[in-house]
Amino acid sequence: MGGGRPGPGGPGVEKGQKSFSFSDFFKLINRVHPKYWQLIVGILTGLIATAANLVVPQFAQKIINSFKNLNMNLVIITGVVFFGGVIVSALSGYILGVFGEHVVSKLRDGLWSRLLKMPVSYFDNTSTGEISSRLVNDTSQVKNLLANTLPNAITSLLQFFGAVVIMFMMDWQMSLIMILAVPLVIFVLLPFMKLSGKIGRDRQDELANFSSDSTNVLSEIRLVKSSNSEQKELATGKKRIAKLYSIGVKESWVNSLMQPISNMLMIILVIGILTCGAIRVMQGSLTMGALISFLMYLFQLMGPVIMVSQFFNELAKTSGSTERIREMLNEPVEKSADDQKVDVAGKELQLQNVSFSYEKDKQILHDINVVAKPNTVVAFAGPSGGGKSTIFSLIERFYKPTTGKITIADENIDNIALTNWRKQIGLVGQNSAVMPGTIRENLVYGLDHEVTDDELWRVLKMAYADKFVKESEAGLDTQIGERGVKLSGGQRQRIAIARAFLRDPKILMLDEATASLDSESEAMVQKALTSLMKNRMTLVIAHRLSTIVDADRIYFIDHGTVSGSGTHEELVKSTPLYAEYVHNQFKK
């Protein structure tokens, strides 16, 4: 493209060193207006399930203490409370899961909507792989925290504090021993929790980088193969995979230590409680049922302690994801008037003192002045990199001029609704973009009305594309592959021209539409373009002299400036640079 546009990418996703912020997390969640009633109902049912779990040891104590005179009603009630708690707990998990899924679904909707409204400049500077990682991996991480880890943490806390209260009501001495032991367990496990959190953060960042790199490489697989770069990309990929492996080994090492240490501490705690309890039972100050009940509560205490370690690990992983999603949602979107619609047919287009730079202090266009009258052909000629395609991008409103303005009949195009403006423009580029899918889907892409097969065949015939489409295996429903790889360059161009015929644009822009074609394809495409250019304003970029000599007006663009303008004959006489350009073209 003209003017040396900066390419996307960079070193990849930066490692998230920022600690997790609940404030930032819930600000992000609040943006999608979640159904908090589901969260409340889920927590309330979780409370009920937790209460049932806390009551069961009390019933167990009574059953054990009265085992010789067993009360079957008490056994039945215990069974009902136990299984009822399981069912209610499952219901709570389902409701909270639905709440989390709804939030993440809305979050992805918001991200996708935001992405489609972002200016082209964002995609110039951000790789497709990185965007894909944020849309899929980061939102999945947020979902995991919100739909799984956070609900489990809430119910675990309720279970922990409920068990503590009941235990103190039963026997404060035994309870004190347990309560003093739990912080000791947490203190021993805390370094492992912190290390696990750091590893989780590194793993999430490296996964994002690997996803970004692999998407970028696979999307340009033909370039990789034609450049014999398989070994280079293999080496790069192996480095990423090796780094992920290294992080995974560290994670396995930490987990392998945490599990036996947790189990060892649990066994020590159980032995300690059993020893103290056995002494108390022999002394007659504690019943066997109470001791069993205490042990049941001990297990209910340890579950939340283990859950806390997992929770902080997930927080660390989600911290970077939250930050990256918030950054994307805070990116500016394309701005335009919402309601002003202008029919551009029969109106004059002007670029008035337009200057532009992709990056600060690297100006591409300098004080460009262009006039395109209705139903005329205006050509832009000049050496590659001069800024011709950038002018087209400004007219399409992919970018905004740094200074100056573009007008249609004295109306600044920035004041016209963006959809209304682009609806009236048809662009046929050097490498016409197509979407994966069928020929039919590509022809009607972007149209807001139904189109009959007769209309499709009509525009295909006008674009000299009907013959090869009829010969295709499924006609209009033939799959063309990703980026149209199942079509030749000339066939893709003719599909693009047929699509332009179908749109019937008021302004037609041709960006070197025949530059990459063989002579046979070029002749057919040129015939189709000649037909398409009739009775509409046409802006043409071309290197080939044959394409521009018949233009009503030619602008010679060199190093971002208009070196001369006029008809072909006028420019040959008045602009030495153009005369030299023409001479070089004839030599070719």
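Residues numbered from 1 in each chain as written. Predicted model: local features only at pLDDT ≥ 70, side-chain atom pairs only at ≥ 80, totals over all residues. Heavy atoms only, no water.

(A) Highlighting the pattern of salt bridges. Scanning the entire structure with this criterion turns up 13 salt bridges. A salt bridge links Asp477 to Arg440; the nearest nitrogen and oxygen atoms lie 3.0 Å apart. With Asp477 in the loop between helix 14 (466–471) and helix 15 (489–503) and Arg440 in helix 12 (residues 439–443), the pair connects residues that are 37 residues apart, well separated along the chain. The shortest N-O distance in the salt bridge between Asp504 and Arg536 comes to 3.1 Å. Of this pair, Asp504 sits in the loop between helix 15 and strand 7 (507–511) while Arg536 sits in the loop between helix 16 (519–532) and strand 8 (537–541); the two residues are 32 residues apart in sequence, bridging distant segments of the chain. On the accessibility criterion, Asp504 (46% relative accessible area) is partly exposed. The exposure class of Arg536 is buried, given its relative accessible area of 11%. Overlapping salt bridges, with partners in common, bring together Glu206, Arg240 and Lys243 in one network. (Salt bridge = Lys/Arg side-chain N within 4 Å of Asp/Glu carboxyl O. Helix = DSSP H or I, 4+ residues; strand = E, 2+ residues; numbered from the N terminus. Buried < 20%, exposed > 50% of the residue type's maximum accessible area, 1.4 Å probe, protein only.)

(B) Molecular detail of the sheet that holds strand 10 (residues 561–566). An order of 6-7-8-3-9-10 is seen for the 6 strands of this open sheet, with the pairing classed as mixed. If you trace the sheet from one side to the other, it starts and ends with strand 6 (425–428) and strand 10, each paired once. Geometrically, the sheet is characterised by an average inter-axis angle of 15 degrees between neighbouring strands, direction not taken into account. When strand 3 (residues 377–381) meets strand 8, the two strands line up parallel, connected through 4 bridges. Its bridge partner being in strand 8, Phe380 is matched across the sheet by Ile541. (Pairing = 2+ DSSP bridges. Axes fitted to C-alpha atoms, helices over the stretch in contact; angles between N-to-C directions.)

(C) How the structure looks around the packing of aromatic side chains. Applying the stated criterion across every chain, the model contains 11 aromatic pairs. Centre to centre, the rings of Phe25 and Phe26 are 5.4 Å apart; their planes meet at 85 degrees, and the pair counts as edge-to-face. Where Phe356 meets Tyr399, the ring centres are 5.5 Å apart and the plane angle is 55 degrees; that geometry is what we call tilted. With Phe356 in strand 1 (residues 349–359) and Tyr399 in the loop between helix 10 (388–395) and strand 4 (403–408), the pair connects residues that are 43 residues apart, well separated along the chain. (Phe/Tyr/Trp six-rings, centres within 6.5 Å; stacked < 30°, edge-to-face > 60°.)

(D) Focus on helix 5 (residues 128–170). An ideal rise of 1.5 Å per residue puts 63 Å on 43 residues; helix 5 measures up with 61 Å between its terminal C-alpha atoms. The sharpest bend along helix 5 measures roughly 35 degrees and falls at Thr149, with the proline Pro151 sitting one to four residues further on. (Expected span 1.5 Å × (residues − 1). Bend = angle between axes of the 7 residues up to and from the residue.)

(E) Here's a closer look at the pairing of strand 4. Where strand 1 and strand 4 come together, 5 bridges link them in antiparallel fashion. Paired with Gln350 across the two strands is Thr407, which belongs to strand 4. When strand 4 meets strand 5 (residues 411–412), the two strands line up antiparallel, connected through 2 bridges. Bridging from a neighbouring strand, Thr407 pairs with Asn412 of strand 5. Hairpin connection from strand 4 to strand 5: 2 residues lie between these consecutive antiparallel strands, with Ala409 at a positive phi of about 55 degrees.

(F) Up close: the sheet that holds strand 4. Across the sheet, 4 strands lie side by side as 2-1-4-5; this open sheet has antiparallel pairing. Edge positions in the sheet fall to strand 2 (362–372) and strand 5, since each of these pairs with one other strand and no more. Sheet contacts for helix 10: strand 1, strand 2 and strand 4; angle to strand 1, the most-contacted strand, approximately 110 degrees. (Contact = heavy atoms within 4.5 Å.)

Keep in mind these values describe shape, not function.
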